[in-house]
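# Descriptive structure summary
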Amino acid sequence: LMRDALREGGIVSTQGECQWLHLPLIKDVLAFARELFPVAEYAYTTIPTYPSGQIGFILCSKNKETNFKEPLRRMSPEQELKLFRYYNSDIHRAAFVLPNFTRQALAGDAAAKTA
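Notes on the structure in this doc start here.

So, how was this worked out
- Residues numbered from 1 in each chain as written.
- Predicted model: local features only at pLDDT ≥ 70, side-chain atom pairs only at ≥ 80, totals over all residues.
- Heavy atoms only, no water.
- Helix = DSSP H or I, 4+ residues; strand = E, 2+ residues; numbered from the N terminus.
- Rg over C-alpha atoms; globule rule 2.2 N^0.38 Å.
- Buried < 20%, exposed > 50% of the residue type's maximum accessible area, 1.4 Å probe, protein only.
- Contact = heavy atoms within 4.5 Å.
- Areas by Shrake-Rupley, 256 points an atom, 1.4 Å probe, with all protein chains shown as cover.
- Lys, Arg positive; Asp, Glu negative; His and termini not counted.
- Charge placed at Lys NZ, Arg CZ, Asp CG, Glu CD.
- Polar contact = N/O pair within 3.5 Å; in protein donor to acceptor, adjacent residues only side chain to side chain.
- Disulfide = S-S within 2.5 Å.

The next subject is the overall build of the protein chain. Within the protein chain, the secondary structure is distributed over five helices and three strands. If you list the helices and strands of the protein chain from N to C, you get α-β-α-β-β-α-α-α. In summary, the protein chain has a C-alpha radius of gyration of 15 Å against a globular reference of 13 Å for 115 residues, a match within 12%. Dimensions of the protein chain along its principal axes, counting C-alpha atoms only, are 45 × 35 × 25 Å. By residue count, 32% of the 115 residues in the protein chain fall in the buried class. Considering only residue pairs separated by 6 or more positions, the protein chain has 61% of its internal contacts joining residues 24 or more positions apart. Carbon and sulfur atoms make up 57% of the accessible area of the protein chain, which totals about 7900 Å². Within the protein chain, one finds 14 positive and 12 negative side-chain charges whose respective centroids are separated by 2 Å.

Quick look at the structure:
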């Protein structure tokens, strides 16, 4: 339903749970997303009030050229300091750098998709 409702160039972002607590669920949801979308990625950020201090995101796109790992809008470090208290382009990129246990758990799904 989401894939069909998504306009060209649009993206889907959904809560992706915490890799420390729900890795099997993340693996299943990401595998399902990769069946529907040519691009599906897992990212996470720190949220001190969330259990285990992290929350994840599943990001999907119908466009094969989508690169979620790079910020879409480019700003100078000075602009980032002026506009954002937390966010910057390095934080954005780091959201996709996964710990080894998560990378290994999710790698099988990506490898199966490209095989």
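What follows concerns the environment of Gln 79. Among the secondary structure elements, Gln 79 is positioned in helix α3 (residues 77–83). Accessibility expressed as a relative area gives 40% for Gln 79, which makes it partly exposed. From its side chain, Gln 79 meets the backbone nitrogen of Ser 76 in a polar contact 2.8 Å long.

To continue, consider the state of the cysteines. For the structure shown, the criterion picks out zero disulfides. The structure places no disulfide on Cys 18, whose sulfur is separated from the nearest cysteine sulfur, that of Cys 60, by 19 Å. The exposure class of Cys 18 is buried, given its relative accessible area of 0%. Since its relative accessible area comes to 3%, Cys 60 is described here as buried.

Note that every value here comes from positions in space, so none of it alone points to a role or purpose.
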